[in-house]
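Descriptive structure summary
Spelled out from the first residue to the last, the chains are:
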Amino acid sequence: MLKSAFALLFALAAHQANAQKQLVLIAHRGGIVDSSYTENGMAALRKAATAGYKMIETDVRVTKDGVLIVNHDADLKRYYGLDKKVADLKWQEIRKLKSKLDGSTPLRLEDVLHFCHENHMSVMLDNKIPGLDTTLFNQIPALLARYHLLDTAFMIGTDESTEFFTGKIKLSCSRRQLEENMHNPDYNAAHYYLFERPSKLSQEDIEWAGNHQIAVVAAINKYHYRQSADMLKDAASDCRRMLDWGVQNFQIDSEFRKFLE
């Protein structure tokens, strides 16, 4: 009886360990971002790498002279104190800026991809470039391929660029969008992933995605809890529910990571 009990405990521990290993944590806004680190800054990237994140989510914009850089906001005011838009400045002007928080300087997309390759991480790109500039957009899969990230990369796209990137990079979709895409003659489940905040995901959605070989990524981000009376409590509840339902991929702000450990 004692041996059986030990065997059961061992099996449960092994199961929990395997489940933990399968989790893919995607560091939102360019790494571990808090009161000490600048979004999409090198220090935040390094902190995410040492903390064991498997992917970096980063925001792609383009400068006036066509350089792809990473910056969440349209302007550079929040961290760099410059109330001008990325699209109105040349890279040589932007690269000289320093964050008032930790001294970080703005990064090119290529800098982030090189870092991810060197640290055996993958990348999720949030495309914040308006319109459809195919010459510019062709640079993105080319850069991903250069750093051996194309096969594992995720993208949060725009309506204008969806057709261009379909089949080139795995694109985010809601369930409704996925069901619509399934009617297309060239539909391929490998071209998409289901991406939602927990409040918009049901257990049936997750099971449906699994049955159709579609990856699910749950977004646990502070922005989604901005009207919550208790942000940490609600985020913890969402994480537990997603784990119970079998979600393994989380795009997450660093303060919520503890709810997945």
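Residues numbered from 1 in each chain as written. Predicted model: local features only at pLDDT ≥ 70, side-chain atom pairs only at ≥ 80, totals over all residues. Heavy atoms only, no water.

Our next topic: the overall build of the protein. A count of helices and strands for the protein gives 11 helices and 12 strands. For 261 residues, the compact-globule formula gives about 18 Å, and the C-alpha radius of gyration of the protein, at 20 Å, lands near that figure. For the protein, the proportion of its 261 residues judged to be buried stands at 46%. For the protein, the share of sequence-separated contacts (at least 6 apart) that also reach a separation of at least 24 residues comes to 61%. (Helix = DSSP H or I, 4+ residues; strand = E, 2+ residues; numbered from the N terminus. Rg over C-alpha atoms; globule rule 2.2 N^0.38 Å. Buried < 20%, exposed > 50% of the residue type's maximum accessible area, 1.4 Å probe, protein only. Contact = heavy atoms within 4.5 Å.)

One non-glycine residue, Arg29, lies in positive phi territory at about 60 degrees. Within the secondary structure, Arg29 is located in the loop between β1 (24–27) and α2 (42–50). Phi is positive for His148, close to 55 degrees, though the residue is something other than glycine. With respect to the secondary-structure elements, His148 resides in the loop between α7 (139–146) and β8 (154–156). Given the relative accessible area of 61%, His148 is considered exposed.

So, about α7. All of the buried residues in α7 are Ile140, Pro141, Leu143 and Leu144. Along α7, the residues classed as buried sweep out an arc of 160 degrees about the axis, all on the same side. On its buried face, α7 sits against β3 (68–70), α5 (109–118), β7 (122–127), α6 (134–137), β8 and α8 (162–165). (Arc of directions from axis to C-beta.)

Turning our eyes to something else, we now look at the nonpolar core. Counting 57 residues, the largest nonpolar core has Leu68, Leu109, Ile140, Leu144 and Phe250 as the members making the most contacts within it. Excluding residues within four positions of it along the chain, Ile140 makes contact with Leu68, Leu109, Leu125, Met155, Phe165 and Ile169. Of all hydrophobic cores here, the second largest spans 11 residues; its members include Ala44, Val86, Trp91 and Leu97. (Core = buried A, V, L, I, M, F, W, Y, C linked by side-chain atoms within 4.5 Å.)

Now for the environment of Asp75. Mapped onto the fold, Asp75 is located in strand β4 (residues 75–76). The class for Asp75 is partly exposed, based on a relative accessible area of 25%. The residues contacting Asp75, other than those within four sequence positions of it, are Asp83, Lys84, Lys85 and Val86.

Another point: the pairing of strand β2 (residues 55–62). In terms of residue burial, β2 counts as a mostly covered element, since 8 of its 8 residues are buried. Alternating residues of β2 divide into Met55, Glu57, Asp59 and Arg61 and Ile56, Thr58, Val60 and Val62, and every residue in both groups is buried. The pairing of β1 with β2 spans 2 bridges and is parallel. Residue pairing in the sheet places Ala27 in a bridge with Ile56 of β2. With 3 bridges joining them, β2 and β3 adopt antiparallel strand pairing. Bridge pairing links Arg61 to Ile69 in β3. As consecutive antiparallel partners, β2 and β3 are separated by 5 residues, and within that stretch Gly66 has a phi angle of approximately 85 degrees, a positive value. (Pairing = 2+ DSSP bridges.)

All told, the structure shown has 13 salt bridges when counted by the stated rule. A salt bridge links Arg78 to Asp73, with the nearest nitrogen and oxygen atoms 2.8 Å apart. Look at Arg78 and you get partly exposed, because its relative accessible area is 35%. Here Asp73 falls in the buried class, since its relative accessible area comes to 19%. (Salt bridge = Lys/Arg side-chain N within 4 Å of Asp/Glu carboxyl O.)

Summarising the model, the protein shows a mean pLDDT of 93, and 92% of its residues fall at 70 or more. Ignoring residues within four places in sequence, the model shows residues 5–19, a span with pLDDT below 50, making 0 contacts including any to other chains. (pLDDT = per-residue confidence, 0-100.)

So, about the packing of aromatic side chains. According to the stated counting rule, one finds 8 aromatic pairs in the structure shown. Ring centres of Phe137 and Phe165 lie 5.1 Å apart, and the angle between their planes is 50 degrees; this geometry places the pair in the tilted category. Of this pair, Phe137 sits in helix α6 while Phe165 sits in helix α8; the two residues are 28 residues apart in sequence, bridging distant segments of the chain. The exposure classification of Phe137 matches that of Phe165, with both residues buried. Just above the ring of Tyr223 sits the side chain of Arg226; from NZ or CZ to the centre is 3.8 Å. Across from the ring centre of Tyr53, 5.0 Å away, lies the NZ or CZ of Arg257, which sits over that ring. (Phe/Tyr/Trp six-rings, centres within 6.5 Å; stacked < 30°, edge-to-face > 60°. Lys NZ or Arg CZ within 6 Å of the ring centre and 35° of its normal.)

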